[in-house]
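# Coordinate analysis (summary)
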Amino acid sequence: MELKGLKDLVFGAGVSGIAASLVLQEQGAIVRLADGQGRDHIKAKSELASLEGKVELALGRQDEALLDAMDLLILSPGISINHSLVQMARSRGIEVWSEIELAGRLCKAPIIAVTGTNGKTTTTSLLGEMMKTTYADVVVGGNIGTALSQEVAKVSAQSCVVAEISSFQLEAVHTFKPHIAVILNLTPDHIDRHGSFSGYGLTKERIFANQSPEDFLVLNYDDAAVRDMANKSRSRVFFFSRLAELEQGAFVKNGSIRLRWNGKDEKVCSIDDMKLFGGHNVENSLAACGAALLAGVSPGKMAEVLRTFSGVEHRIEPVGTIDNVPYYNDSKATNPESSIKALEAFPGHIILIAGGRDKNTDLAEFMRLVKEKVDLLILIGEAAERFADAARAVGYNKVIRAGNFADAVKVAHTTARPPQVVLLSPACASYDMFDNYEQRGRAFKEIVQRGAGEA
C-alpha cells in the first residue's frame, strides 16, 4: 500500500504511536494522532512535542468522528483490537494495522522476530549482539524500547533487524513476515486482553502465519504448547531444548550448548563459561544460537558473545552487595512464570519482594517454589492479600506485608544475612505504584545504592 497521501489515524500516543505518526508523516501521509487521555496524562511529552506542526493532535478524544475521511487506523500496542473505535473503523471498511504491521511493510531488511511469554528481551538483546559479530548494520528494536517502525524506516536490504514482539503488537498484523521467527515459551499471561489462554496462544502464532518454506521458525521443544505449533507452520522448523538431545536443533550435551543442523554437529561453548546464569537463560541462549545459526553466524562468534553477555536491565540484574548480601533486580518479572524462572536461578535462601498490580493468574506453582526456596516473602501492592492467601494455601507462613515499596526494601535489608540474597521479582505488573516495570526496577536500585537501610 502506498502511504503517500493517505489519511491515517494513529490511536494511542505512547512511544510506538508517536513514532508511527512521525514515520507516516515522513512517508508523505496526512496524520492525525489521537489518544483517550488528555495532554497532561501523556507520558512521552518530549516526543509528543516533536510532532507539533507536523501532524494533527486530537488528545483526550476517542469518538467516532476521529475516523471521518480516514483511510487507515494504526494502533499503539496499548490499544486492544476490541476497542470500540476499532470496531467502528472496521464497520466503515477502514483497514486496521498494528505499529508492527507498518514496520514490516516499510522494512527492506530481513527481520528476526522474537516472542514468547518470558525471556523476550534477554533473547532479543543476546541475539542482537550475536548478529553484530557478522553483520555490519544491525538494528534491535520493537517491544524492547525503540519503536520498530522508526528503526526500520532507515535500514537497507543489507541490514539485519532483530525485533522483540509482544502479543499486543501481533493483534493487528496482516502481512508481517519475519524471515526467522522465534517463540520461546507460552504460559498464561494477558488473559484479560486476549480472553483465554487459547486466544493468547493464537495471537502469538500470528508471528509465523505469513511465513513460507523459505523462512524459519525456532520453537521450544520442551514447551508442549510451543512444540505443537510446528504442525501449523509452513516454514522450516528449528527446535531448541534444554532437556533433550535433538536429532536436529540446539540442545545441551555434557554441559555444553551444541548445534546440530544440515549434517553438522558443533559445540558452541560450555554453560559454565556463560556469563548469564539460570536454567531459563540456558533456554534463551539456545534460542538465540539457533536463530543466529540460521542467519549465518558461526558457533565461534556465538561463543564469544555468550562468554561476555551479562544480561539486560531489570532481569535478575545484580544491583550491589550490602553487608555481604547480594541484591538482584528482577522487576521485569511481571507474571508468576517469570518469577519462577528467577527463583530457579538461585539455590535457595532468598528474601523475596513480590506483589503489585495483580494479573489474577494461578499462583500454586509459584508458591510451591516459594515454600522451597524463600526464607521470607515480603508482599506489596494490590496483590498482597491474594498472594498471602496463596502462600498459606501451600503451608507457607513466613510472610510480611509492607506498607509501601521503600518499606519492603528496608525490611529485606534489616532481615537479610549471608548466605541469603535479596530478590525483587514481583510476579505482578507495576501499575498500582509505578508507571512501568522500568520505573519500579530503578526505584529498587536507587534504594539499594543508598544503602537500603536509609530507605
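As a reminder, the structure under discussion sits directly above these lines.
Treat the numbers as computed from the prediction; the structure is a model and nothing was measured.

To describe a pair of aromatic rings, one takes the distance between the centres and the angle between the planes. All told, the structure shown has seven aromatic pairs when counted by the stated rule. Seen from their ring centres, Phe238 and Trp261 are 4.9 Å apart, and the 55 degrees between their planes marks the pair as tilted. Here Phe238 is found in strand β11 (residues 236-241), whereas its partner Trp261 is found in strand β13 (residues 256-261), with 23 residues between them in sequence. Considering the side-chain rings of Phe277 and Phe346, the 5.7 Å spacing of their centres and the 80 degrees angle between planes classify their relative orientation as edge-to-face. With Phe277 in the loop between β14 (264-270) and α11 (279-294) and Phe346 in the loop between α13 (336-344) and β17 (350-355), the pair connects residues that are 69 residues apart, well separated along the chain.

By volume, the second largest pocket amounts to about 360 Å³. Along the wall of the second largest pocket there are 18 residues; nearest its centre are Thr187, Glu337, Ile340, Lys341 and Glu365. Looking at the lining of the second largest pocket, the elements that each hand over two or more residues are α11, α13 and α14 (364-373). The leading source of residues in the lining of the second largest pocket is α13, at five residues. A per-class count over the lining of the second largest pocket returns four nonpolar, five polar and nine charged.

With that settled, consider the sheet that holds strand β16 (residues 325-329). Strand order across the open sheet formed by six strands is β15-β16-β20-β17-β18-β19, with mixed pairing between neighbours. Both edges of this open sheet fall to β15 (317-322) and β19 (399-401), since each of them pairs with a single strand only. Within this sheet the neighbouring strands show an average axis-to-axis angle of 20 degrees, counted without direction. For β17 and strand β18 (residues 374-380), the ladder comprises six bridges, and the chain directions are parallel. The residue of β18 that forms the bridge with Ile351 is Leu376. Sitting on the sheet, α14 touches β17 and β18, and the angle it makes with β18 is about 130 degrees.

What follows is about the packing of helix α16 (residues 405-415) against helix α17 (residues 437-449). Where α16 meets α17, the axes come as close as 10 Å, and the angle between the chain directions of the two elements is 45 degrees. Here α16 is positioned oblique relative to α17, judged by the angle of their axes. The interaxial crossing formed by α16 with α17 has right-handed handedness. On α17, the residues that touch Phe405, Ala406 and Val409 of α16 are Arg440, Ala443, Phe444, Ile447 and Val448. For the contact of α16 with α17, the per-class residue count stands at seven nonpolar, no polar and one charged.

Here we take up the pattern of salt bridges. For the coordinates displayed, the defined rule picks out 23 salt bridges. In this structure, Lys132 engages Glu129 in a salt bridge whose closest nitrogen and oxygen atoms are separated by 3.2 Å. Here Lys132 pairs with Glu129, and both are found in helix α5 (residues 120-132), just three residues apart, close to one helical turn. Residues joined in a network through salt bridges with shared partners are Glu245, Lys253, Arg258, Arg260 and Asp265.

Bringing the sheet that holds strand β12 (residues 249-253) into the picture now. As summarised here, the arrangement of the nine strands in space is β7-β8-β6-β9-β10-β11-β12-β13-β14, forming an open sheet in which the pairing is mixed. The open sheet has two edge strands with one neighbour each: β7 (138-142) and β14. On average, each strand axis in the sheet is inclined to that of its neighbour by 20 degrees, with strand direction left out of account. Of the strand pairs in this sheet, β12 and β13 are connected by five bridges, and their pairing is antiparallel.

Before going further, it helps to examine a negative patch on the surface. Together, Glu344, Asp362, Glu365 and Glu372 line one region of the surface with negative charge. With respect to the helices and strands, Glu372 occurs in helix α14.

Our focus in this paragraph is unusual backbone geometry. Peptide bonds are, in most cases, trans, and in most cases residues other than glycine have a negative phi. The peptide bond linking Pro418 to Pro419 adopts the cis configuration, its omega dihedral lying at 5 degrees. Along the chain, Pro419 falls in the loop between α16 and β20 (421-424). The phi dihedral of Asn262 falls on the positive side, at around 50 degrees, and the residue is not glycine. One can find Asn262 in the loop between β13 and β14. Although it is not a glycine, His314 adopts a positive phi angle of roughly 75 degrees. Counting through the fold element by element, His314 comes out in the loop between α12 (299-306) and β15. His314 sits in the buried class, given a relative accessible area of 2%.

Direction of pairing for β13 relative to β14: antiparallel, over a ladder of six bridges. Note that in β14 the partner of Arg258 across the bridge is Lys267. Here β13 folds back onto β14 in antiparallel fashion, the turn holding two residues, of which Asn262 has a positive phi close to 50 degrees.

If you look at the biggest cluster of nonpolar residues, it comprises 52 residues, and the most contacted ones within it are Val161, Ile165 and Ile207. The greatest single-element share of this core, amounting to five residues, is contributed by helix α1 (residues 15-26). Setting aside residues up to four positions removed in sequence, Val161 forms contacts with Cys107, Ala109, Pro110, Ile111, Ile112, Val139, Leu148, Val152 and Val155.

Quick look at empty space enclosed by the protein now. By the definition in use, this model includes two cavities of 30 Å³ or more. Of the volumes computed, that of the largest cavity is approximately 40 Å³. Lining the largest cavity, in full, are Asn118, Gly119, Thr122, Asn185, His280, Asn281, Glu283, Asn284, Arg315 and Lys341. Considering only residue class, the lining of the largest cavity consists of no nonpolar, seven polar and three charged. Approximately 40 Å³ is the volume found for the second largest cavity. In terms of lining residues, the second largest cavity is bounded by Leu75, Ser76, Pro77, Ile79, Ile81, Ser98, Phe168, Glu171, Ala172 and Arg193.

Rules used in this analysis
- Residue positions are counted from 1 within each chain, in the order its sequence is given.
- Predicted model: local features are reported for residues with pLDDT of at least 70 only, side-chain atom pairs are reported and counted for 80 or more only, and whole-chain, interface and lining totals are derived from all residues.
- The side-chain figures draw on all heavy atoms in the structure; neither hydrogens nor water molecules are used.
- Two rings from Phe, Tyr or Trp (for Trp, the six-membered ring) form a pair when their centres sit within 6.5 Å of each other. Planes less than 30 degrees apart are called stacked, planes more than 60 degrees apart edge-to-face, and all others tilted.
- Starting at the N terminus, helices and strands are each numbered in turn, a helix being any DSSP run of H or I of at least four residues and a strand any DSSP run of E of at least two.
- Cavity means a closed set of points on a 1 Å grid over the protein atoms alone, one where a 1.4 Å probe fits but cannot get out, pocket means an open set with protein on both sides within 12 Å along at least 5 of 7 lines, and lining means a residue has an atom within 4 Å of a point.
- Grid points are joined across faces, edges and corners, and a volume is the space filled by probe spheres set on the points.
- Any residue that is not Ala, Val, Leu, Ile, Met, Phe, Trp, Tyr, Cys, Pro, Asp, Glu, Lys or Arg is counted as polar, Gly included; the first ten are nonpolar and the last four charged.
- Two strands make a pair as long as DSSP finds a minimum of two bridges between them.
- To obtain each axis, a line is fitted to C-alpha atoms, and for helices this fit is confined to the stretch in contact; angles are then taken between N-to-C directions over 0 to 180 degrees.
- The contact criterion used throughout is that any non-hydrogen atoms of two residues lie within 4.5 Å.
- Here the angle decides the label: under 35 degrees means roughly parallel, over 145 means roughly antiparallel, 65 to 115 means roughly perpendicular, and every other value means oblique.
- By definition, any crossing whose near helix is turned counterclockwise from its far helix by less than a right angle is left-handed, and any crossing with a clockwise turn is right-handed.
- When a carboxyl oxygen of Asp or Glu is within 4 Å of a side-chain nitrogen of Lys or Arg, the pair counts as a salt bridge.
- Patches draw on residues past 30% relative accessible area with no salt bridge. Two like charges within 9 Å are joined, as are two nonpolar side chains (Val, Leu, Ile, Met, Phe, Trp, Tyr) within 5 Å.
- What sets the accessible areas is the Shrake-Rupley method with a 1.4 Å probe; for residues, cover comes only from the shown protein chains.
- Asp and Glu are treated as the negative residues and Lys and Arg as the positive ones, with His and the ends of the chain left uncounted.
- Charged side chains are reduced to one point each, which is NZ for Lys, CZ for Arg, CG for Asp and CD for Glu.
- We call a residue buried when its accessible area falls under 20% of the maximum for its residue type, exposed when it is over 50%, and partly exposed in between, using a 1.4 Å probe and counting protein chains only.
- Among buried residues, the Ala, Val, Leu, Ile, Met, Phe, Trp, Tyr and Cys ones that are joined through side-chain atoms within 4.5 Å form a nonpolar core.

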